[in-house]
Amino acid sequence: MELIRIQDTAHPYSARAWEIYEQRFPLCEQRPLAEHIKALDDPAFHYNLLADEGRLVGLLSWWDWEAKDGTPFRFGEHFAISPDIRGGGYGSRALKYLLGSGERLVLLEIDPPVDDISRRREQFYMRNGLVTNYEYNHVHPSFRPTTEPHKLLIMSYPRPLTPGEFREFQRFNNERVLRYSEIK
């Protein structure tokens, strides 16, 4: 499986990847397409397609940055495997790209584990070394004025977050990630 960084919408897989994105994420977690295209020009944003043997497998996007104290972070914003090929080990293989070589503190958001699907998702990440940071109250702001913010949990790798690291994530998310939304 290969990771293909996309920096414009000209790639032949772009339209199908956007379909997967719209299918796999609730509207409140979807960046509008016009804002997504703007984000592609941001050097901190990594929008990647996952391909295997000439076919699109999924998508994986993240943001890389360094805090003022030099701590390197990576925020895994969107991660989805095509629904018609889930269960083939692609998720675990793709997650290795997100986790990298361990030099960055990796964060991602998950729904609170309240049903079978959300519990399995959390367990998948835990099996792959991530830790759920239950102690932090994280509300994901919406990308659109028509949807409401909602509570999510933060998972991290390779260890739990300190309060200062959580505040740094919130700062970056509010100042940089949400710059590319319909809410200004």
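Each remark here, short or long, concerns the structure printed above.
Everything numeric here is computed off the predicted structure, so don't read it as measured data.

A. Representation of the overall build of the chain in the model. Counting secondary structure elements, the chain contains five helices and seven strands. On C-alpha atoms alone, the chain measures out to a radius of gyration of 16 Å, which is about the 16 Å that the 2.2 N^0.38 rule sets for 184 residues. Along the first, second and third principal axes, the C-alpha atoms of the chain reach 45 × 35 × 35 Å. Put simply, the chain has 184 residues, and 51% of those count as buried. Restricting to contacts in the chain with at least 6 residues of sequence separation, those with at least 24 account for 66%.

B. Focus on the nonpolar core. Among the nonpolar cores identified, the biggest contains 32 residues, and Tyr47, Leu49, Leu59, Trp63, Leu107 and Leu161 are the most heavily contacted of them. Not counting chain neighbours up to four residues away, the residues in contact with Leu161 comprise Leu105, Leu107, Asn133, Glu135, Tyr136, Ile154, Ser156 and Phe166. If you look at the next biggest cluster of nonpolar residues, it comprises 20 residues, including Ile85, Leu98, Leu99 and Tyr125.

C. Layout of the side chain of Asp64. By the element assignment, Asp64 lies in strand E3 (residues 55–66). Accessibility expressed as a relative area gives 14% for Asp64, which makes it buried. For Asp64, the side chain forms a polar contact with the side chain of Arg74, separated by 2.7 Å. Apart from residues no more than four positions distant in its own chain, Asp64 is found in contact with Ala44, His46, Phe73, Arg74 and Arg104.

D. Summary view of empty space enclosed by the protein. All chains considered together, the criterion is met by one cavity of 30 Å³ or more. Together, Tyr21, Arg31, His36, Phe45, Tyr47, Ser61, Glu77 and His78 line the largest cavity. At the level of elements, strand E2 (45–52) and strand E4 (72–81) are the ones that each hand at least two residues to the lining of the largest cavity. Its residues assigned to classes, the lining of the largest cavity shows three nonpolar, three polar and two charged.

What counts and how
- Residues numbered from 1 in each chain as written.
- Predicted model: local features only at pLDDT ≥ 70, side-chain atom pairs only at ≥ 80, totals over all residues.
- Heavy atoms only, no water.
- Helix = DSSP H or I, 4+ residues; strand = E, 2+ residues; numbered from the N terminus.
- Rg over C-alpha atoms; globule rule 2.2 N^0.38 Å.
- Buried < 20%, exposed > 50% of the residue type's maximum accessible area, 1.4 Å probe, protein only.
- Contact = heavy atoms within 4.5 Å.
- Core = buried A, V, L, I, M, F, W, Y, C linked by side-chain atoms within 4.5 Å.
- Polar contact = N/O pair within 3.5 Å; in protein donor to acceptor, adjacent residues only side chain to side chain.
- 1 Å grid on protein atoms, 1.4 Å probe; cavity = no way out; pocket = protein on both sides within 12 Å on 5 of 7 lines; lining within 4 Å.
- Points joined across faces, edges and corners; volume = space filled by probe spheres on them.
- Nonpolar A, V, L, I, M, F, W, Y, C, P; charged D, E, K, R; others polar.

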